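# Observations on chain architecture
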Amino acid sequence: MTTVQGKQIPSAAKLAGKRVLVLGGTSGIGLAVATAAHEFGATVIVSSSSQTKIEAAIRRIESVGSGNRVNSVAASVQGYPCELGDLDCLESNLRVLLDSAAEGGRKKLDHIVYTAGNKAGSISLASTDTKTITDHGVLRFYVPIIVGKLAMDYANISPQSSITLTSGVNNVKPVPGRVLMAGWGAGVEGVTRALAVDLQLVRVNCICPGPTRTELFDSLPDEVLRPLLEKYKGSTMTRTIGGPEDVAEAYLYCMRDAFVDGTVIHSSGGYLLA
């Protein structure tokens, strides 16, 4: 039980009636976060660059949520396309998205979750140039900063509100060929702390996922997939690879705990210790 402004709120109802925007919410971890938030009674808005993916995600979230709803609060699922890869239009595109998600400011957002990213993979240092650095940094570094810049115009200003960003374990435990992912991941964690200072009272946190089996693995042939999964399992203390639904719990925690701010939370199966 939590007390907010003198009123006690059951733990299971902390997201009931809240408005949650998930950028990158049509697949992987983002979809799992959107689905879980909807199960707890939140109105969820998902965004990606593909209208087809948005429509598919909405159907999936609604089908899962209808049978697993934790409480009886009526909650809808909405979606809006937003192209985040074009630096010249990035800020204007994000403003249009936030304005749509907040219905022109009439329904302020309670939580913003950012899980969007590009498939960087391994890029050798010898193959890295300034264009490559920028291209891979737009989604992973530029967007979180602009989200923070614009959020206060569309969010409820309260410790009950939050922004949750995403980094990755490469910046803490680098492997060869991941200098870009390590650099941008470390940058996002620094941005998290800085935004927490600049945006108070809105809380800003970051989730650092470890090896997670998302849809990206589905395109791999079996002879590649099997050894890769075994490799990732062997790199964790739990000897497992995380599922999007596992990692999504960390994002829900950051939304629900009104006293966590400026923090990086790891969901990695003990990857940093293995």
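Source: prediction; values computed, not measured.

Analysis parameters
Residues numbered from 1 in each chain as written. Predicted model: local features only at pLDDT ≥ 70, side-chain atom pairs only at ≥ 80, totals over all residues. Heavy atoms only, no water. Pairing = 2+ DSSP bridges. Helix = DSSP H or I, 4+ residues; strand = E, 2+ residues; numbered from the N terminus. Axes fitted to C-alpha atoms, helices over the stretch in contact; angles between N-to-C directions. Contact = heavy atoms within 4.5 Å. Phe/Tyr/Trp six-rings, centres within 6.5 Å; stacked < 30°, edge-to-face > 60°. Buried < 20%, exposed > 50% of the residue type's maximum accessible area, 1.4 Å probe, protein only. Lys NZ or Arg CZ within 6 Å of the ring centre and 35° of its normal.

### Quick word on the sheet that holds strand 9 (residues 264-267)
- If you trace the seven strands from one edge of the open sheet to the other, you get 5-4-3-6-7-8-9, paired in parallel fashion. Two strands in the sheet have a free side with no partner beyond their single neighbour: strand 5 (77-81) and strand 9. Shown here is a sheet whose adjacent strand axes are inclined to one another by a mean of 20 degrees, direction ignored.
- Examined bridge by bridge, strand 8 (residues 203-209) and strand 9 share four bridges and lie parallel to one another. The residue bridging Cys208 from the neighbouring strand is His266, located in strand 9.
- Of the strands in this sheet, strand 3 (19-23), strand 4 (43-48), strand 5, strand 6 (111-114) and strand 8 touch helix 1 (residues 28-39), which is tilted by about 165 degrees from strand 4.
- Each of strand 3, strand 4, strand 5 and strand 6 touches helix 3 (residues 90-101); the most contacted strand, strand 3, lies at about 150 degrees to it.

### With respect to the packing of aromatic side chains
- If you walk through the whole model with that rule in mind, you get four aromatic pairs.
- Ring geometry for Phe217 and Tyr232: centres 6.1 Å apart, planes at 75 degrees, overall edge-to-face. With Phe217 in the loop between strand 8 and helix 6 (222-234) and Tyr232 in helix 6, this pair connects stretches of sequence that are 15 residues apart.
- By relative accessible area, Tyr232 is classed as partly exposed at 23%.
- Each member of the aromatic cluster is reached from another via a ring pair, and the members are Phe141, Tyr142 and Trp184.
- In this structure, Lys173 packs its charged tip against the face of Tyr271, placed 4.7 Å from the ring centre.
- The residue whose ring lies beneath Arg256 is Phe40, and the NZ or CZ to ring-centre distance is 5.0 Å.

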